[in-house]
Amino acid sequence: MNREPKWLTWAKEMQSIAQAGLTYSKDDYDLERFEQLRDLAAQVMTEYTQIDTTEIKDLFCNETGYQTPKVDVRGVVFKDHKILLVKEAIDGKWSLPGGWAEVNLSPSENVIKEVKEESGLDVTANRIIAVQDRKYHNQPPHAYSIYKIFILCDLVGGSFTVNNETLEARFFGLDELPDLSSGRVNREQITMCFDAVANQNLPVDFD
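Values in this document were obtained by computation on a predicted structure and should not be read as measured data.

This part is about the overall build of the protein. A count of helical and extended segments in the protein gives five helices and eight strands. Helices (α) and strands (β) of the protein occur, in sequence order from the N terminus, as α-α-α-β-β-β-β-α-β-β-β-α-β. For the protein, the residues scored as buried account for 39% of the 207 residues in total. Counting only contacts in the protein whose residues sit at least 6 apart along the sequence, the fraction spanning at least 24 positions is 70%. As displayed, the protein offers around 11,500 Å² of accessible surface, 52% of which is attributable to carbon and sulfur atoms. Looking at charge distribution, the protein has the averaged site of its 22 positive side-chain charges lying 4 Å from that of its 34 negative ones.

For the rest of this paragraph, the subject is the side chain of Glu118. Summarising the element assignment, Glu118 is placed in helix 4 (residues 107–119). No salt bridge is formed by the buried Glu118, whose closest oppositely charged neighbour, Arg74, lies at an N-O distance of 4.9 Å. When near neighbours in sequence (up to four residues on either side) are disregarded, Glu118 contacts Val86, Glu88, Pro97, Gly98, Phe160, Asn163, Glu165 and Thr166.

The next point concerns helix 5 (residues 187–198). Because each turn of an α-helix spans 3.6 residues, side chains separated by three or four positions in sequence point in the same direction. The end-to-end C-alpha distance of helix 5 is 16 Å, a good match for the 16 Å that twelve residues give at a rise of 1.5 Å each. Within helix 5 the residues assigned to the buried category are Gln189, Ile190, Met192, Cys193, Phe194 and Ala196. Looking at the buried side of helix 5, the elements it contacts are strand 1 (70–79), strand 2 (82–88), strand 5 (121–133), strand 6 (146–158), strand 7 (166–172) and strand 8 (205–206). A side-chain oxygen of the first residue of helix 5 lies 3.2 Å from the backbone nitrogen of Glu188; this N-cap is Asn186.

Here we take up helix 2 (residues 28–48). With 21 residues, helix 2 should reach 30 Å at 1.5 Å per residue; the first-to-last C-alpha distance of 31 Å fits that figure. Sitting at the head of helix 2, Asp27 places a side-chain oxygen 2.9 Å from the backbone nitrogen of Tyr29.

A word on the pattern of salt bridges. The full count for this structure, using the stated rule, is 14 salt bridges. For Arg38, the salt bridge identified is with Glu35, shortest N-O distance 3.2 Å. Taken as a pair, Arg38 and Glu35 lie in helix 2 at a separation of three residues, close to a single helical turn. You can call Arg38 buried: its relative accessible area is 14%. Accessibility expressed as a relative area gives 31% for Glu35, which makes it partly exposed. Here Glu168 ties to Arg170 by a salt bridge, and the two come within 4.0 Å at their closest N and O atoms. Accessibility expressed as a relative area gives 29% for Glu168, which makes it partly exposed.

In this section: the pairing of strand 2. Remember that side chains alternate between the two faces of the sheet whenever the strand is regular. Among the seven residues that make up strand 2, five are buried, leaving the element largely enclosed by the rest of the structure. Sheet analysis places strand 1 next to strand 2, joined by two bridges and oriented antiparallel. Bridging across to strand 2, Phe78 finds its partner in Ile83. Hairpin connection of strand 2 to strand 3 (residues 94–95): five residues between the antiparallel strands, including Gly92 at a positive phi of 70°.

Moving on: the environment of Ser108. Counting through the fold element by element, Ser108 comes out in helix 4. In this structure, the C-alpha to C-alpha distance between Ser108 and Ser119, residues eleven residues apart in sequence, is 16 Å. Here Ser106 takes part through its side chain, which lies 3.1 Å from a polar atom of the side chain of Ser108.

Rules of the game
Residues numbered from 1 in each chain as written. Predicted model: local features only at pLDDT ≥ 70, side-chain atom pairs only at ≥ 80, totals over all residues. Heavy atoms only, no water. Helix = DSSP H or I, 4+ residues; strand = E, 2+ residues; numbered from the N terminus. Buried < 20%, exposed > 50% of the residue type's maximum accessible area, 1.4 Å probe, protein only. Contact = heavy atoms within 4.5 Å. Areas by Shrake-Rupley, 256 points an atom, 1.4 Å probe, with all protein chains shown as cover. Lys, Arg positive; Asp, Glu negative; His and termini not counted. Charge placed at Lys NZ, Arg CZ, Asp CG, Glu CD. Salt bridge = Lys/Arg side-chain N within 4 Å of Asp/Glu carboxyl O. Expected span 1.5 Å × (residues − 1). Polar contact = N/O pair within 3.5 Å; in protein donor to acceptor, adjacent residues only side chain to side chain. Pairing = 2+ DSSP bridges.

Structure representation (structure tokens):
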């Protein structure tokens, strides 16, 4: 089920059409119209959110070329039947370690880097648990279209180190989960990770 409001779906579609038009059109009049369409999409976002128009344009209209989903990788690390979570500095809530995938790094390289940066732990990437479209699973809605990749990792060593993104790293049982940063991960997704470890024959969850 798509959890984002219709106005956001429409605004994102308008932005996508406008961005493609600005990339491939040659006619000056068409370029002007696509620029207007992109501005209109940003205005819709501003009208229905508390975000300033300038910030919306920086977030929503800063890409060029054909628009594609952004990729968010999340590391799934277990120890003694408990899952690793990190406390996010931005909201004081807990999440699986992870973030935007960086160019020139593979999915496994990205998740290893993110787990190390946010938790201080050294891991190796084992297998993919899920590839999910964020709009079907997480709240609040996001201006970008996002694919979330959940990657099961094996713990090698290390310990938490102070960093700019997280305040703490701890392992939790399913029955003792803290307040989750729901835009990054929710209880349903954490349960999915526990199920994947309990039954390694489960297929990769997707969509």
